[in-house]
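Spelled out from the first residue to the last, the chains are:
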Amino acid sequence: MSTRRPIWIAALYSLVLLTCSISVAKADRRVALVVGNSNYSNASLFLANPKNDATDVAAALRGVGFEVLQAIDANKRDLDLNMAKFARLATDADAALFYYAGHAVQYQGRNFLMPTDAEVEDEISFRYQMTPLDDVRAALDRGDGVKIVILDACRNNPIVNALRRKKKSGDSRAIDAVRGGLAKIDKAQGMVVAYSTAADEVAADGDGRNSPFTSAFLKRLKEPGLEIEQLFRRVAADVNAQTGGRQRPETYVSLLSNYYLNQTDRIAFDKIKDSPDPAVLQDFIAKFSTSSYVPEAQNRIQRIEAAIRERQNQEARQREAARLAEEQRKAEREAALRKLAEQEEALRKQETLRAQAAAEKVRKEREAAQAQEEQRLRLVAEKERKEREAAKAQEEQRVKLAAERERKLREEALQLLAEQARTKIAAIDRKEPTSPSLAGISTDIRTLPPPTEAAPTPADPCDRDGAMLAQLRSNPSIEAVTELERSLSCEKLRAQILRLRESLSAVANAAPAIAAQIKPVVEKIAPPPALVIAPPPPPPAAPKQEAAPKPPEPQKVAVATVAPAPECKKDEARLAKIRANPSHADLAALERDLGCERLRPQIVRLRESLPKEIAKEIAKETAKETAKDAPQPDQPSAAANAPTLQSAQSAPSGAKPAQPAPIVQVRSCDEERATLAKLRASQSREDVVRFERELACEQLRPQVIRLRESLSGG
């Protein structure tokens, strides 16, 4: 106890001293005179920034507790009057500050401030039209405290240059000792002098609102608790960095103790110094880190924290005693509760046994009901399965009947197309009897066996048009497709006919002229692998006539399609691979390099079946390559001339004429099998239904039906 008493006495004594010092600081009287001259009577001396500098500095000084006299664009009389007022205010003041922004010159080692109405012609002008800085010094000396002079006045002065030019021209009134910069002020105790640039050098006026020096001074003046010498060192560093080293401010300080221009930290500390909350003092330290009150705030925080720890320890001891008492009471309550719990446990066991027996009874009843429900569901599932199988058998029977009906319709279409082919060939033979390559075509076609009588036309127009469309897909002909499109009765097939005609138009346009003349005939009567039509037997020989010469017999021509060439086999193999694994690059390459023209419609349909993005890329790439490699109009490409006719002279003279093959070539089962594999991978029911409607290979129909049923969910 005896040790603690001296500590409290010392703390109380320190608090009394601090209170006294703060009360003294509150009584400080600080005055300032701020002058800024921009608009001189001599227009060549105009400066843009001094009036802004003076206005901003005056406002900043008022904000930190100075009583400010302000003079903007002061002439000689105004400047003298303000100097007199400032001298009176500075008497016995604790701090006096003078700030000047404008023109100033150095003459014979003395500094002169230039009023706005000054007209400097010779040395006499300095004595009677300028204000010597010594007058400012005399006014500051009337104060008892710190004296501060801030000169942002070493600007570029045209008068100095004019006086120097007069001297060079020989004018006797010219001034020898005029210099642009300011001279150093004699040292004096208790004074701070800040120059905007080094002695005998010129300061910049700046391009912004304030000069570089004043701008840096205003910035640092806002920092509370910054000692005045440290403040001007930071100002000098800012100006040096802003001007790239061209302007180097200097400061002269002769003080025995620290002085602070911005003492807002003192006011803030007076408000929170007695606060019991350490957080408030921590905020003060963070905000005023350079303040002289930071050590005192830290000491106050330590004392508060020590008191808080002592209070916490005392509270902890009290809580511990209360805890022990509570534990004693708790132990007594637990003993009583334990006895009561044992009695309740016995009753609970009896109740549990009764509940278990009831639950077991409910479980058995539920299991019996569940077994009955499962048996019922199995019977229902079996019944549904049998119904599905019966429906599936009926569907398969219906599909078989539809397939048989479609097959008959195709046969009727084949016969109709064969008859149309014979009619057209006869017309061509009548129109062009002199063509050696077509002379025997109509005669040879007439030797074909006549078609059997066609079955009655189906009642459903869509079935009839669908059968003819399937026939044209297997043996495409642009004329037959156009005729079918013109006479179409089933509108839902028009889109498919349009795509088929577009695919055939590209091939027909590229064929040479001779192929264009006979292509409709050949495509309608020549199925793969070959169809050779034997010439008709020669007519009975006419009786010999010696007078008339025997006319030459016309050359007999057998019309046939080209047997599957190696190019077609190779292209068919590539097309089958692309169907199994679609790739826009491979399909575009196949379409560009295609040697078997009869596969081009299939490639076009495969490209149309792909997703829109891939199809567009393939079409674009194919069109680009086609335009690059397209032959000239008078030079048909070799691919268009690939199909040729086998003349009768190429066959052996004793060979038997080939048996007539089916008139129309049906799409091969291998191609449709590859398409079916692709549909199994894509799992698209719409594509499967469309494929089933256009199917030509009947042996694949059961597989297509099963695939469709699996996708239908039944």
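Before any of the text, the structure's been laid out above.
The sections below set out a description of the structure shown in this document.

Rules used throughout
Residues numbered from 1 in each chain as written. Predicted model: local features only at pLDDT ≥ 70, side-chain atom pairs only at ≥ 80, totals over all residues. Heavy atoms only, no water. Helix = DSSP H or I, 4+ residues; strand = E, 2+ residues; numbered from the N terminus. Buried < 20%, exposed > 50% of the residue type's maximum accessible area, 1.4 Å probe, protein only. Contact = heavy atoms within 4.5 Å. Areas by Shrake-Rupley, 256 points an atom, 1.4 Å probe, with all protein chains shown as cover. Disulfide = S-S within 2.5 Å. Phe/Tyr/Trp six-rings, centres within 6.5 Å; stacked < 30°, edge-to-face > 60°. Pairing = 2+ DSSP bridges. Right-handed = clockwise from strand over helix to strand, strands pointing away. Expected span 1.5 Å × (residues − 1).

1. What to know about the overall build of the protein
Here is step 1 of the chain: Across its full length, the protein carries 23 helices and ten strands.
Here is step 2 of the chain: The proportion of buried residues among the 714 residues of the protein is 38%.
Here is step 3 of the chain: Considering only contacts within the protein whose residues lie at least 6 apart along the sequence, 71% involve residues at least 24 apart.
Here is step 4 of the chain: As displayed, the protein has an accessible area near 41,700 Å², and 54% of this comes from carbon and sulfur atoms.

2. Here we look at the state of the cysteines
Here is step 1 of the chain: Applying the stated rule across the entire model yields three disulfides.
Here is step 2 of the chain: With its sulfur 2.0 Å from that of its partner, Cys-568 forms a disulfide with Cys-596. Because the torsion about its S-S bond is 85°, the bridge between Cys-568 and Cys-596 counts as right-handed. Separated by 28 residues along the polypeptide, Cys-568 in helix α17 (residues 566-580) and Cys-596 in the loop between α18 (584-593) and α19 (600-609) bring together distant segments of the chain.
Here is step 3 of the chain: Here Cys-568 falls in the buried class, since its relative accessible area comes to 10%.
Here is step 4 of the chain: The exposure class assigned to Cys-596 is buried, which follows from its relative accessible area of 2%.
Here is step 5 of the chain: Residue Cys-669 pairs covalently with Cys-697 via a disulfide, S to S 1.9 Å. Taking the sign of the S-S torsion, 95° for the link of Cys-669 and Cys-697, the bridge is right-handed. Taken together, the positions of Cys-669 in helix α21 (residues 669-682) and Cys-697 in the loop between α22 (685-694) and α23 (701-712) put the pair 28 residues apart, joining distant regions of the chain.
Here is step 6 of the chain: According to the relative accessible area criterion, Cys-669 is partly exposed, its value standing at 25%.
Here is step 7 of the chain: Each bonded cysteine in the protein gets a number by its place in the sequence, and the pairs come out as 1-2, 3-4, 5-6.

3. Observations regarding the packing of aromatic side chains
Here is step 1 of the chain: Summed over the entire model, instances satisfying the criterion amount to three aromatic pairs.
Here is step 2 of the chain: With a centroid separation of 4.8 Å and an interplanar angle of 10°, the aromatic rings of Tyr-107 and Phe-126 are classed as stacked. In this pair, Tyr-107 sits in strand β4 (residues 104-107) while Phe-126 sits in helix α4 (residues 123-129), placing the two residues 19 residues apart along the sequence.
Here is step 3 of the chain: By relative accessible area, which is 12% here, Tyr-107 ends up buried.
Here is step 4 of the chain: Through a chain of ring-to-ring contacts, the aromatic side chains of Tyr-107, Phe-112 and Phe-126 assemble into a single cluster.

4. A word on the pairing of strand β1 (residues 30-36)
Here is step 1 of the chain: Of all seven residues in β1, seven are buried, a share of seventy percent or more.
Here is step 2 of the chain: Side chains Arg-30, Ala-32, Val-34 and Gly-36 project from β1 onto one buried face, and the interleaved Val-31, Leu-33 and Val-35 project onto a second face that is buried too.
Here is step 3 of the chain: By the bridge criterion, seven bridges tie β1 to strand β3 (residues 95-101) in an arrangement that is parallel. Paired with Arg-30 across the bridge in β3 is Ala-95.
Here is step 4 of the chain: The pairing of β1 with strand β2 (residues 67-72) spans six bridges and is classified as parallel. What sits directly across from Val-31, in β2, is Glu-67.
Here is step 5 of the chain: In terms of handedness, the path from β1 via helix α2 (residues 50-63) over to β2 forms a crossover that is right-handed.

5. Remarks on the side chain of Gln-496
Here is step 1 of the chain: If you trace the backbone, Gln-496 turns up in helix α15 (residues 494-510).
Here is step 2 of the chain: Discounting residues that sit within four places of it in the chain, Gln-496 has contacts with Leu-469, Arg-473, Arg-693 and Glu-694.

6. Overview of α21
Here is step 1 of the chain: Its 14 residues give α21 an end-to-end C-alpha distance of 20 Å, which sits within 8% of 20 Å, the value for a rise of 1.5 Å per residue.
Here is step 2 of the chain: All buried positions along α21 are accounted for by Glu-671, Glu-672, Ala-674, Leu-676, Lys-678 and Leu-679.
Here is step 3 of the chain: Where α21 terminates, the next one or two residues include Gln-683, which has phi positive at roughly 60°.

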